[in-house]
Amino acid sequence: MARITLDGSSAGSEAGEDIYRGLETGDILYFPTTPFVLTAEEQSVLLAQKQAETSLHKNISYRPAQDRLKGIDQSDTAEWKRVHGVMRDYSQRAIAFMASFLSRYARDWKVDYASFRPIEEQGRNVSHRSRNDLIHVDSFPSRPSHGDRLLRIFTNINPERPRIWVTSDSFETLAWQYAGKARLPRRPSPLRAIGSRALRVLSGAGLPVVDRPPYDQFMLRFHHYLKENEAFQRDCPKDRWEFPPGSSWIVFTDTTSHACLSGQYALEQTFIVRRGSLAFPERSPIAILEGMTGFPLAASGAKSA
Ligand SMILES: [Fe+2]
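Residues numbered from 1 in each chain as written. Predicted model: local features only at pLDDT ≥ 70, side-chain atom pairs only at ≥ 80, totals over all residues.

Trainee: Describe the sheet that holds strand β8 (residues 239-243), listing the residues and the values that go with them.
Mentor: The strand order across the open sheet built from 3 strands is β8-β7-β10, with neighbouring strands paired in antiparallel fashion. Unpaired on one side and paired on the other, β8 and β10 (256-262) mark the two borders of the sheet. Mean inter-strand twist for the sheet, computed between neighbouring axes without regard to direction, equals 30 degrees. Direction of pairing for strand β7 (residues 163-170) relative to β10: antiparallel, over a ladder of 5 bridges. By the bridge assignment, Val166 is partnered in β10 with Ala259. Contacts between helix α6 (residues 171-178) and the sheet are confined to β7 and β10, with β7 contributing the most and set at about 55 degrees to the helix. (Pairing = 2+ DSSP bridges. Helix = DSSP H or I, 4+ residues; strand = E, 2+ residues; numbered from the N terminus. Axes fitted to C-alpha atoms, helices over the stretch in contact; angles between N-to-C directions. Contact = placed C-beta atoms within 7 Å.)

Trainee: Can you tell me about the packing of α6 against helix α10 (residues 285-293), naming the residues and giving the values?
Mentor: Angle between the axes and distance between the axes: these two values describe a pair of packed helices. Where α6 meets α10, the closest approach of the two axes is 10 Å, and the angle between their N-to-C directions is 25 degrees. Considering the angle they form, α6 stands roughly parallel to α10. Of the two elements, α6 crosses α10, and the hand of that crossing is right-handed. Listed contacts from α10 to Phe171, Glu172 and Ala175 of α6 are Pro285, Ile288 and Leu289. When grouped by side-chain class, the residues that make up the contact of α6 with α10 number 5 nonpolar, no polar and 1 charged. (Parallel < 35°, antiparallel > 145°, perpendicular 65-115°, else oblique. Left-handed = near helix turned anticlockwise from the far one by under 90°. Nonpolar A, V, L, I, M, F, W, Y, C, P; charged D, E, K, R; others polar.)

Trainee: Could you give an account of the environment of Lys110, with specific residues and numbers?
Mentor: Relative to the helices and strands, Lys110 is located in strand β5 (residues 110-117). Among the residues examined, Lys110 registers 16 C-beta atoms within 10 Å and is labelled partly exposed. Along the sequence, Lys110 and Thr270 sit 160 residues apart, while their C-alpha atoms lie 9.0 Å from each other. (Buried ≥ 20, exposed ≤ 12 C-beta atoms within 10 Å, placed from the backbone.)

Trainee: Residues and numbers for the packing of helix α3 (residues 40-47) against helix α4 (residues 77-101), please.
Mentor: Two elements in contact, α3 and α4, have axes separated by 10 Å at closest approach and are oriented at 125 degrees. In terms of axis orientation, α3 runs oblique to α4. Remark: the crossing between α3 and α4 carries left-handed chirality. Between α3 and α4, the contacting residues are Glu42, Val45 and Leu46 on the first element and Arg82, Val83, Val86, Asp89 and Tyr90 on the second.

Trainee: Tell me what's going on with α6, and back it up with residues and numbers.
Mentor: The periodicity of an α-helix, 3.6 residues per turn, causes residues three or four positions apart to be oriented the same way. Every buried residue of α6 is listed here: Phe171, Leu174 and Ala175. Looking down the long axis of α6, one finds its buried residues gathered within 105 degrees of arc, a one-sided arrangement. Exposed and facing more than 90 degrees away from the buried side of α6 are Trp176 and Gln177. Looking at the buried side of α6, the elements it contacts are β7, β10 and α10. (Arc of directions from axis to C-beta.)

Trainee: Run through the sheet that holds strand β6 (residues 149-156), naming residues and quoting values.
Mentor: Spatially, 8 strands are ordered β1-β2-β9-β6-β11-β5-β3-β4 in an open sheet, and the strand pairing comes out mixed. Here the strands that pair on one side only, and so sit at the sheet edges, are β1 (3-5) and β4 (68-70). Pairwise comparison of adjacent strand axes, ignoring direction, gives a mean angle of 20 degrees for this sheet. Most of the contacts of α4 go to β5, to which it runs at about 130 degrees, and overall it touches β3 (60-63), β4, β5, β6 and β11 (266-273).

Trainee: Break down the nonpolar core for me, with residues and values.
Mentor: In this structure, Met87, Met98, Tyr215, Trp249, Phe271, Val273 and Leu289 are the most contacted members of the largest nonpolar core, which totals 58 residues. It is α4 that provides the largest number of residues to this core, a total of 8 residues. With residues near it in sequence (within four places) discarded, Leu289 still touches Ala175, Ala179, Tyr215, Phe218 and Leu297. (Core = buried A, V, L, I, M, F, W, Y, C linked by C-beta atoms within 7 Å.)

Read these as layout, nothing more, since geometry by itself doesn't imply function.
Next comes the structure, spelled out in structure tokens:
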């Protein structure tokens, strides 16, 4: 895994093919200086958020499509409004930057949630599967991607300390080594295929069921498998990265295996990139897995909700 360092001038125009290739195959695009504005005042509003470790929500999240803020006490209306405004502005600027820099994705992407992570990552008391300090690839339990990709931009707004990541091999390498052990999907029986179609119809009609195709079932299983595999966590090849205050980085977190060892106060905006928008769709996790299984793992044309 490599970290491709980009300066401000490359952020002003669309990425070239080599950048798309690196990103889609697991490299980190790194901006020592964040390529969009975050004022000192906005940052101080966020830095004042001291979430209790016992908080129900580990992050403050913002949903751009609904303009909705979650994870913060609503009884202090003035403070809630301030944070809401900052998260909305941050999200809009991150989206605008990504849409110009990675424009081939923006034509058909789904803008997902933004989040602010106010808790120190080191030594957090969370369940094993929620630990960020164990190497994994991302899979969203409540929002199956149906083979589309998880693209995220992170920004470290900690005034003093870097955010420390460790990465290991890309999904492609890990899949060849571990996908069988994590139980690759089996060809569905005709009965199960009918059940999956029914689930898709119900989900499409807005009913509260999660339509999770074999691809997403596997990716969730793989996420858990990697975190629970002590030998892998101990022995896998590792690269350590420091992201200093004021820097940003872009990653396909379903391909770049990663762990966050320490750091506090990071902003993040997620995008669901359609398979059809990728520069190298044959290198996507679903294409790699379908090459192994020999049958489709998500209905073609199905779009994540
Ligand atoms: Fe992650």
